[in-house]
Amino acid sequence: MAARDEILAWAKEYLDLDSYPDYGPMGLQVAGAEEVRKIACAVSASRELFQRSAQAGAQLVLVHHGLLWDKEPRVVGPVLRERLRALFDADLTLAAYHLALDAHPEVGNNALLASELGVERERRFADGLGFGGRLAEPVPISDFSARVQERLGQMPLVFSYGPELVERVAVCSGGGARFLAEAAAEGYDCLVTGEAAEPTKHAAKEAGVHFVAGGHYATETLGVRALAAKLADEFGLDWEFVDLPNPV
């Protein structure tokens with residue numbers, strides 16, 4: 001068992017939260033039990049997540065996408081009320097780690113995704129959130145997209161407009177389609193992210209870059225799992241990943 005506030009303070013320092021201004025409050029979002037025996041983690045906050053976390057015997061829930069965002073209404077409507085009720089009834093603490101968890105060099109979504117795909121990290125990408133690097137051996141885009149499917153467990157959306165062989169790859173999980181022009185300008189053959197935007201297809205075609213979207217959810221399961229495992233090891237806790245698959 002460990003103190004909630006000690007765990008959250010350690011995570012704040014480890015992730016260097018203050019260096020990543022975000023779209024909402026990061027770290028503690030809802031306070032629950034002061035003592036933690038088990039951590040549950042998932043990609044996004046939801047009522048089902050909180051109910052399943054309670055059933056699993058957790059006291060602390062870690063997510064990548066939390067409940068509170070700057071541009072959302074400051075009104076507790078029916079959906080948010082029931083989510084909060086699930087947290088309160090189970091005395092669960094909710095903590096969210098968004099951009100800092102994308103960017104972290106050890107447990108971050110992009111560092112881990114690059115490793116999964118065989119990208120040897122050389123430099124930062126996407127405003128310091130992602131990474132770019134080379135494959136150990138250049139491969140056709142068909143082989144590379146098959147690798148993405150194998151590692152992430154779902155068929156990616158692929159716009160094949162780059163060179164015959166993929167050698168240099170930029171990685172930015174989640175909603176990173178907006179960094180396609182940056183990838184092209186920096187000489188990458190392929191951008192790997194979570195999901196496409198409507199203009200992405202023609203932007204990739206005109207830039208001559210491959211675009212691979214492996215799923216917003218699928219590309220962002222890695223970080224929360226690694227962070228939960230890190231905290232569990234540091235504080236002697238149990239942890240569990242609550243998988244709520246999302247095709248997006």
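Predicted, not measured: the structure shown is a model, and the values here were computed from it.

K.L.:
Is there a simple way to explain the packing of aromatic side chains in this structure?
P.N.:
Given two aromatic rings, one states the distance between the centres and the angle between the planes to describe the pair. Inspection of the entire model under this criterion finds five aromatic pairs. Ring plane angle 85° and centroid distance 6.3 Å describe the contact between W10 and F235, whose orientation is recorded as edge-to-face. Here W10 is found in helix α1 (residues 4–15), whereas its partner F235 is found in helix α9 (residues 221–235), with 225 residues between them in sequence. Ring geometry for F125 against F179: centres 6.1 Å apart, planes inclined by 65°, an arrangement best described as edge-to-face. You can see F125 sitting in strand β7 (residues 119–125) and its partner F179 sitting in the loop between β10 (165–171) and α7 (180–185), a full 54 residues away along the chain. In this structure, F125 and F179 share a single accessibility class: buried. Lying across the ring of F131, R121 places its NZ or CZ 4.8 Å from the centre. Seen from the ring of Y188, R168 lies directly overhead, with NZ or CZ sitting 4.3 Å from the centre.

K.L.:
Which parts of the structure should I look at to understand the pattern of salt bridges?
P.N.:
When the charged atoms of two side chains lie near each other, side chains of opposite charge can form a pair. Within this structure, the stated rule accounts for nine salt bridges. We note a salt bridge from R81 to E82, for which the minimum N-O separation is 3.3 Å.

K.L.:
Would you mind going over the sheet that holds strand β4 (residues 38–44) with me for this structure?
P.N.:
Think of a sheet as strands paired side by side through backbone hydrogen bonds, with each pair either parallel or antiparallel. Pairing is mixed in the open sheet, where five strands are placed in the order β2-β6-β5-β4-β13. Because the sheet does not close on itself, it has two edges, and the strands there are β2 (27–30) and β13 (238–241). Between one strand axis and the next, the sheet turns by 30° as a mean value, whatever way the strands run. Taken together, the five bridges between β4 and strand β5 (residues 60–65) define a ladder with parallel strand orientation. Bridged to C41 within β5 is L62. In the packing of α9 onto the sheet, contacts are made with β4, β5 and β13, and the angle to β4 comes to roughly 165°.

Rules used in this analysis
Residues numbered from 1 in each chain as written. Predicted model: local features only at pLDDT ≥ 70, side-chain atom pairs only at ≥ 80, totals over all residues. Heavy atoms only, no water. Phe/Tyr/Trp six-rings, centres within 6.5 Å; stacked < 30°, edge-to-face > 60°. Helix = DSSP H or I, 4+ residues; strand = E, 2+ residues; numbered from the N terminus. Buried < 20%, exposed > 50% of the residue type's maximum accessible area, 1.4 Å probe, protein only. Lys NZ or Arg CZ within 6 Å of the ring centre and 35° of its normal. Salt bridge = Lys/Arg side-chain N within 4 Å of Asp/Glu carboxyl O. Pairing = 2+ DSSP bridges. Axes fitted to C-alpha atoms, helices over the stretch in contact; angles between N-to-C directions. Contact = heavy atoms within 4.5 Å.

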